[in-house]
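Breakdown of the fold
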4 protein chains.
Amino acid sequence: MMEEAYPIRTDLALESQESMKKDRGGLKGVDFQEEKRENGITISTVVIQTENAAKSMGKPRGHYITIEAPEMEEDDAGYHREISMELAKIIRRLLPESKIGKIDWQSLDEELEISVLIVGLGNREVTPDALGPRVIDNMFITRHIIKEFGKYAFGSEKISKISGIVPGVMAQTGMECLEIVRGVVNETKPDLVITVDALAARNAKRLGRTIQLTDTGITPGSGIGNHRNALNEKSVGVPVLSLGVPTVVDAATIVSDAMTSLIEAMSLSNLEKLDESEKQELARELLSPQLHGMFVTPKDIDAAIKRLSFLISEGLNIALLGNKEKTADI
Amino acid sequence: MMEEAYPIRTDLALESQESMKKDRGGLKGVDFQEEKRENGITISTVVIQTENAAKSMGKPRGHYITIEAPEMEEDDAGYHREISMELAKIIRRLLPESKIGKIDWQSLDEELEISVLIVGLGNREVTPDALGPRVIDNMFITRHIIKEFGKYAFGSEKISKISGIVPGVMAQTGMECLEIVRGVVNETKPDLVITVDALAARNAKRLGRTIQLTDTGITPGSGIGNHRNALNEKSVGVPVLSLGVPTVVDAATIVSDAMTSLIEAMSLSNLEKLDESEKQELARELLSPQLHGMFVTPKDIDAAIKRLSFLISEGLNIALLGNKEKTADI
Amino acid sequence: MMEEAYPIRTDLALESQESMKKDRGGLKGVDFQEEKRENGITISTVVIQTENAAKSMGKPRGHYITIEAPEMEEDDAGYHREISMELAKIIRRLLPESKIGKIDWQSLDEELEISVLIVGLGNREVTPDALGPRVIDNMFITRHIIKEFGKYAFGSEKISKISGIVPGVMAQTGMECLEIVRGVVNETKPDLVITVDALAARNAKRLGRTIQLTDTGITPGSGIGNHRNALNEKSVGVPVLSLGVPTVVDAATIVSDAMTSLIEAMSLSNLEKLDESEKQELARELLSPQLHGMFVTPKDIDAAIKRLSFLISEGLNIALLGNKEKTADI
Amino acid sequence: MMEEAYPIRTDLALESQESMKKDRGGLKGVDFQEEKRENGITISTVVIQTENAAKSMGKPRGHYITIEAPEMEEDDAGYHREISMELAKIIRRLLPESKIGKIDWQSLDEELEISVLIVGLGNREVTPDALGPRVIDNMFITRHIIKEFGKYAFGSEKISKISGIVPGVMAQTGMECLEIVRGVVNETKPDLVITVDALAARNAKRLGRTIQLTDTGITPGSGIGNHRNALNEKSVGVPVLSLGVPTVVDAATIVSDAMTSLIEAMSLSNLEKLDESEKQELARELLSPQLHGMFVTPKDIDAAIKRLSFLISEGLNIALLGNKEKTADI
């Protein structure tokens, strides 16, 4: 249903906003701000404020913060560190104040004490969908050590309890991710769930260069695979932050956008009258059977996933544990 | 504590029974039967009948059935199929009658209808501990298909609902396996949990050649890693069958056994007076610091794990779905 | 250069032939035959006979045999076995007579004695490019056993010497595949090289359902990645058979085909006059920057690669060793 | 043969030297120096100077430099960086002067220009044997970029050409590593080969805490698996440096050492007269059938391999490219 209503598939609120702006010159109930840094990083914030706006955008109400770094795909450790720090700040900004109290989220030195379950969504066996599982591989997991030895094992007054899980995809488990996550949350009672997933973008130029963080959880149809049934505060029982990076574009979207460009470029008057959904329909008719279930991804996706999983786990580790190295003394 | 009381580490009830027999000429409350097949396969059944016997054996009351096939490690598809069929029968024999009714467990043709969660314990990244996760990779998962399309998607009147999970190890997740499994069971309500795990044996000649199936769940200290907190009907809430294959021997055990042999062979009168635990103590004193946390495993363990994971998943698939190929027609 | 001359990217001679037929009603110097079996399998043979035809087709002179099995992607072991047998026959048909003598290639019972290096091209870390490496994982490797124990270790009069290598991709090795393969061939002197690679098709419906076997080696630009520098008898020094399965479509091809369909469907007279390369050019202009280096692949590609790598290694094992199980008795 | 003559299996010259010293109070023709750093790192140098000494030590003539860092297995990025720097210096010290000219090996700032093939020995599928392949995954490979774009792509006057290969193990390839490496060296003509391999130690306390670097190549029987046929300047055609980390102890060694300790501790006079090889023989008789082909390894070997492969690749990257970050500008 959702899929028919919002045929242009993107998991990025930024792209939905761009599309709305183009079609209608903006949208009531959606706030948009953009900040360009000197280091080439752009931070955009989309706030969907009303139910009407949520319906039009095809995304739930809440905050969507996007970090765009055109050179994220380059192999430059220093630059990646900068992005990790930006990411850590944005994560801190969205942490629930009820759990951590008032903090200056722009400073990363402060130590926190919050109990977080990181969920690595996606399929480890399919490269562009492996981001979530690989981030878990690189997280600094502390919960079991604190449980057994106490927080003083880390020589800190304050230390966050971090646990992680890779639920797998439904074809491998026979279960919805939501079933697994809800079960684990009920047993282990974290203050917060943070999901990490590979996303679908509309624009191929964003693949591997954009990180979205939202406090709305994961919306149905998100991700590459079939992670159905929303993971959010309502369904899971604790607040859910969702962090994602677009790694694929839906094949039908690529074709549809190409047609739009063609039609515009050629001034094909008999086609120009078509609205977006009619063009979609046309694309679907011409191509659907063979493109169904296909996605578009870059050839160097393995290197990109490797880099991104380090960058994101570093961002999470810094956000949750503070910006200094931790070691357990046990 | 357990570890001091039962210093010779084995996860095989068969080996505990052998050890008891040798030391004391048998044990009250333990029933033992052995059946040798023409094809070289031996099936042994140890039944621990009383709490006293359980205490002496260091294993909970219940049935422990062991399949020994000396040529299991050879690369012979026909022979593996035979073992899978034997395994399937033994699995059927231990399925709870309250769920499946009365069946002739020696026949594999009958179709069953039971809802089972298969749990692949262990660490996918450490070869001898990867058996459980690899078995899940090869299972025929049906739950999500039945949930969405009904059992008629398989063209059968009866079909078991199979789901699977790889909980990971505590160092990667920060959580006990029990916490994850209990959470998932609470959400998805299977009739039965079957765990699959790599085990520790006492005798290196059993590595990769023995399958143990028990209706007691997994006892503390089992497995290679630290899967603490027993998974059994009491802790999980539904019956738990546990299937395991020994893939390692504890390094201290190897050394301790060698010393025992040495002492016997040399008729070292001043040492012969030592009882088992004094010899253990001696072995420990001489070696402990460097062998702590070490295990012994065969060099061709990767090929063994690959073969065994196919063999076991085939046994489970046949047991739960009946001995004919299934395909979903969706 | 090649890429500009033959902008529609396909590694399947069958598709080049289809395209030629459509555009020009057939091509001199290209022979085409098609045989449809009762089991739904179609076997097509394209023979490129002349240099002119080779130039037009963008593929070297030689035989290209294609097995199409629409249900190859389904999970049916019996059907896969049938395809493996067909594949084995076709492999036998293309084996060099100078090495194996005259055989009845339609019978698979005969044992052969030929020394073959199987080369698994592609990148194990990128799912749709992992076919070659995964096939090597499943090959029955015999060369080292024969070298050490003699062929009687297998209890056979005749047994093929099979070796295998996964050269990796240039970004991981810094070397051309050709450099590695040529070096290994010079050292180990096989009679024949058989390469296995993931291919690019033009038509998404062929992904995972088509196997191409050719005696021409691998042509420049083939495969998903950058396996440049042809591997063929001339460059490698021994005959090269190449076996491939399309697992991706170039993103630009998808878009270009969509445009062609659009233009045809809409009868856009001002565009219909464009020839194929002008349409390509148009597609490129409209889209190139963001689709450069992108490919299209199915969402269930991991399961497909797993199935296909078994199917192909079984076909190779049967072709080279005869249709009965082998075990080394050492 | 070698194996019978030198039954105590260790790949560390340092351990052979210790054993010689203990038995005979030192050895003519073997020079030994040890340097303890403030940071807890110990650097030892064993130089085997004569053929006689080589025979007694069971290792070829040449330099064996060992870095021991007791805390190498801890998770401390700063400390790992220090070890990588030490390693880089030692690698520079053993680089052939004929290729790089005179350099101050203690300084890592100087850029070099040498063409090196890194060979990752071992089996990626068996955790303690996966060190070599994992190091290749982390190397900064430059040869193909320099070949295509020239060294100015790196903005440097001087840049080393680095290529890498994972030859696989004989059971997977049917070929000796030597055959593959010699073939690749003949084709690509590097100045130098550097092998990386997991080693066997005698003393379990050295596992994962010791790096050995030698200019003698790899001696027969080294490594965990069967990488037979020495890789050295004579067999390969260019100088061979070999870098290794002990990750396993042979199971028979552990037992044999335990017996020696027992005999010493108990003052078993009838056994004390046995010399080393008689004790070995005794251990063998008591235990051999079941320990044959078994090894001992730590339980946390996966984390250790991950850390060590980063540490070593960083050492190699710094040694060969100089101590500043490189990025290709292409």
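Computed from a predicted structure; not experimentally measured. In this convention, every chain numbers its residues from 1, walking through the sequence in written order. To label them, take the chains in the order written and letter them from A, then take the ligands in the order written and number them from 1. With pLDDT at 70 or above as the cut-off, local features in this predicted model cover only qualifying residues; side-chain atom pairs require 80 or more to be listed or tallied, and sums for whole chains, interfaces and linings still use all residues. In computing side-chain properties, one takes all heavy atoms of the structure into account and sets aside hydrogens as well as water.

Right, let's get into the overall build of chain A. Put simply, DSSP marks the helices as runs of H or I at least four residues long and the strands as runs of E at least two long, and each gets a number from the N terminus on. Helix and strand counts for chain A stand at 14 helices and nine strands. Every one of the 330 residues in chain A was classed for burial, and the buried ones make up 59%. Working rule for contacts: check all heavy atoms of both residues, and any pair within 4.5 Å makes them a contact. By sequence separation, contacts in chain A at least 24 residues apart represent 74% of the contacts at least 6 residues apart. Residue burial considers only the protein chains on display, and all accessible areas are found by Shrake-Rupley using a 1.4 Å probe. For chain A, the computed accessible surface area is about 13400 Å², with 46% contributed by carbon and sulfur atoms. We call a residue buried when its accessible area falls under 20% of the maximum for its residue type, exposed when it is over 50%, and partly exposed in between, using a 1.4 Å probe and counting protein chains only.

Turning to the packing of aromatic side chains, a few remarks are in order. Pairing of aromatic side chains here covers Phe, Tyr and the six-membered ring of Trp, requires ring centres within 6.5 Å, and sorts the geometry by plane angle: under 30 degrees stacked, over 60 edge-to-face, intermediate tilted. Applying the stated criterion to the full structure yields six aromatic pairs over all chains. Aromatic side chains Phe-310 of chain B and Phe-310 of chain C sit 6.1 Å apart centroid to centroid with 85 degrees between the ring planes, which places their arrangement in the edge-to-face category. Separated into two different chains, Phe-310 of chain B in helix H14 (residues 301-321) and Phe-310 of chain C in helix H14 (residues 301-321) make up a pair that spans both. Taking the relative accessible area as the measure of exposure, Phe-310 of chain B reaches 35% and is therefore partly exposed.

This part covers the environment of Ile-67 of chain D. Residues and elements named next belong to chain D. Within the secondary structure layout, Ile-67 lies in strand E3 (residues 62-68). Residue classification places Ile-67 among the buried positions, given a relative accessible area of 1%. Once residues lying within four places of it in the same chain are set aside, the contact partners of Ile-67 are Ile-41, Thr-42, Ile-43, Met-72, Ile-83, Glu-86, Leu-87, Ile-90, Arg-209, Thr-210 and Ile-211.

With that settled, the discussion passes to the nonpolar core. Residues and elements named next belong to chain B. One finds Ile-83, Ile-118, Leu-131, Ile-211, Leu-243, Ile-312 and Leu-316 to be the most contacted residues of the largest nonpolar core, which totals 56 residues. In terms of residues, this core owes the most to one element, H14, which gives 10 residues. The contacts of Ile-83, once residues within four sequence positions are left out, are Ile-41, Ile-67, Ala-69, Met-72, Ile-211 and Leu-311. Nonpolar core, defined: a set of buried Ala, Val, Leu, Ile, Met, Phe, Trp, Tyr and Cys residues in which side-chain atoms within 4.5 Å join the residues together.

Bringing the pattern of salt bridges into the picture now. All names here are of chain A. A side-chain nitrogen of Lys or Arg and a carboxyl oxygen of Asp or Glu constitute a salt bridge if their distance falls within 4 Å. By the definition in use, this model includes 57 salt bridges over all chains. Here Lys-36 makes a salt bridge to Glu-34, at a shortest N to O gap of 4.0 Å. Residue Lys-36 is classed as exposed on the basis of its relative accessible area of 62%. Here Glu-34 falls in the partly exposed class, since its relative accessible area comes to 46%. One connected set of salt bridges, linked through shared partners, spans Glu-15, Glu-18, Glu-68 and Arg-206.

This part is about unusual backbone geometry. Only a minority of non-glycine residues have a phi that is not negative, and only a minority of peptide bonds are not trans. Even without glycine at this site, Lys-189 of chain B takes up a positive phi of about 50 degrees. In this fold, Lys-189 of chain B is placed in the loop between helix H9 (177-188) and strand E6 (192-201).

Within the element layout of this structure, Ser-160 of chain B appears in the loop between helix H7 (143-149) and strand E5 (161-165). With sequence-adjacent residues up to four places away left out, Ser-160 of chain B is seen in contact with Leu-112, Glu-113, Ile-114, Thr-142, Ile-146, Leu-320 and Leu-321 of chain B.

A few words on a negative patch on the surface. Patch definition: residues above 30% relative accessible area lacking any salt bridge, with like charges linked at up to 9 Å and the nonpolar side chains Val, Leu, Ile, Met, Phe, Trp and Tyr linked at up to 5 Å. Lys and Arg are tallied as positive, Asp and Glu as negative. Neither His nor the chain termini are counted. By convention, the point assigned to a charge is CZ for Arg, NZ for Lys, CD for Glu and CG for Asp. On the surface, Glu-71, Glu-74, Asp-75, Asp-76 and Glu-82 of chain A together with Glu-325 of chain D cluster together into a negatively charged patch. With respect to the secondary-structure elements, Asp-75 of chain A resides in the loop between strand E3 (62-68) and helix H4 (77-94).

All right, on to the interface of chain A and chain B then. Of the residues lining the interface, 26 residues belong to chain A; the matching set on chain B comes to 26 residues. Taken together, both faces of the contact between chain A and chain B bury some 2100 Å²; the carbon and sulfur share is 51%. On the chain A side of the contact with chain B, Met-175, Glu-179 and Glu-187 of chain A bury the most area, a combined 25% of that side's loss. Linking chain A to chain B there are six salt bridges. Across the pair Glu-179 of chain B and Arg-143 of chain A runs a salt bridge whose closest N-O atoms are separated by 2.8 Å. Definition of a polar contact: a pair of N or O atoms within 3.5 Å, with one able to donate and the other able to accept a hydrogen when the atoms are protein atoms, and with sequence-neighbouring residues admitted only if both atoms are side-chain atoms. Viewed at the interface, chain B and chain A are joined by 12 residue pairs in polar contact (both at pLDDT 80 or more). Of all the secondary-structure elements, those providing two or more residues to the side of chain A that touches chain B are helix H7 (143-149), strand E5 (161-165), helix H8 (170-173) and helix H9 (177-188) of chain A. Once two parts are put together, the accessible area they lose, assessed with a 1.4 Å probe and summed over both, is termed the buried area.

Okay, the environment of Arg-9 of chain C next. Here Arg-9 of chain C is to be found in the loop between helix H1 (2-5) and helix H2 (13-24). In this structure the C-alpha to C-alpha distance between Arg-9 of chain C and Val-249 of chain C, which are 240 residues apart in sequence, comes to 8.2 Å.

Our focus in this paragraph is the state of the cysteines. In this description, a disulfide is simply a cysteine sulfur pair whose atoms lie within 2.5 Å. Scanning all chains against the criterion turns up zero disulfides over all chains. Cysteine Cys-177 of chain A is unpaired, with the sulfur of Cys-177 of chain B as its nearest cysteine sulfur at 19 Å. Note on Cys-177 of chain A: relative accessible area 4%, which makes it buried.

The next thing to look at is the confidence of the model for chain A. All names here are of chain A. Looking at chain A, the pLDDT average stands at 85 and 83% of residues meet or exceed 70. pLDDT measures the predictor's confidence residue by residue and takes values from 0 up to 100. Ignoring residues within four places in sequence, the model shows residues 1-7, a span with pLDDT below 50, making seven contacts including any to other chains. Across residues 223-227, where pLDDT falls below 50, the model places 19 contacts with residues more than four positions away in sequence or in other chains. Overall fold confidence for the complex sits at a pTM of 0.90, while the interface term, ipTM, reaches 0.90.

Least squares is used to superpose the copies, and the fit set is the C-alpha atoms of residues whose pLDDT is at least 70 in both copies. The transform that puts chain A on chain B rotates by 180 degrees and translates by 0.0 Å along the axis, for an RMSD of 0.0 Å. Considering both components of the superposition, the chain copies are consistent with a two-fold axis. Across chain A, the rotation axis passes nearest the C-alpha of Gly-183 of chain A, at a separation of 1.9 Å. With an isologous cut-off of 70% or more, the 100% of interface residues of chain A that recur at the interface of chain B puts this contact in the isologous class.

Residues and elements named next belong to chain A. Summarising burial for strand E7 (residues 210-214): five of the five residues are buried, a large majority. The two faces of E7 match: Thr-210, Gln-212 and Thr-214 on one face and Ile-211 and Leu-213 on the other face are all buried. The pairing criterion is simple: DSSP has to find at least two bridges between the two strands. Strand direction decides the pairing type here: E7 and strand E8 (residues 240-250), joined by three bridges, are antiparallel. Opposite Leu-213, over in E8, you have Leu-243 as the bridge partner.

Turning next to the side chain of Thr-216 of chain A. Residue and element names in this part refer to chain A. Following the sequence through the fold, Thr-216 ends up in the loop between E7 and helix H10 (233-236). Of note is the side chain of Thr-216, whose polar atom sits 2.7 Å from the side chain of Thr-214. With residues near it in sequence (within four places) discarded, Thr-216 still touches Pro-60, Arg-61, Gly-62, His-63, Tyr-64, Asn-232 and Val-240.

Moving on, we come to the packing of H4 of chain A against helix H14 (residues 301-321) of chain A. Residue and element names in this part refer to chain A. Fitted lines through C-alpha atoms give the axes, limited to the stretch in contact for helices. The angle between two N-to-C directions lies from 0 to 180 degrees. Interaxial distance between H4 and H14 falls to 8 Å at its minimum, and their mutual angle equals 45 degrees. In terms of orientation, H4 lies oblique with respect to H14. Crossing of H4 over H14 shows right-handed handedness. Within the contact between the two elements, H4 uses His-80, Arg-81, Ile-83, Ser-84, Met-85, Leu-87, Ala-88, Ile-91 and Arg-92 and H14 uses Arg-307, Leu-311, Ile-312, Glu-314, Gly-315, Leu-316, Ile-318 and Ala-319. Grouping the constituent residues of the contact of H4 with H14 by class yields 10 nonpolar, three polar and four charged. Our angle categories are set so that under 35 degrees counts as roughly parallel, over 145 as roughly antiparallel, 65 to 115 as roughly perpendicular, and the remainder as oblique. A crossing counts as left-handed when the near helix is turned anticlockwise from the far one by less than a right angle, and as right-handed when that turn is clockwise. Classification used: nonpolar for Ala, Val, Leu, Ile, Met, Phe, Trp, Tyr, Cys and Pro, charged for Asp, Glu, Lys and Arg, polar for all others including Gly.

Turning next to H14 of chain A. Helical geometry: 3.6 residues make up each α-helical turn, so side chains three or four residues apart lie on a common side. All names here are of chain A. One less than the number of residues in a helix, times 1.5 Å, gives the span that helix is expected to have. Between its first and last C-alpha, H14 extends 29 Å over 21 residues, near the 30 Å set by a 1.5 Å rise per residue. In terms of burial, H14 is a largely internal element, 17 of the 21 residues being buried. Residue Gly-322 follows H14 closely and has a positive phi angle near 90 degrees.

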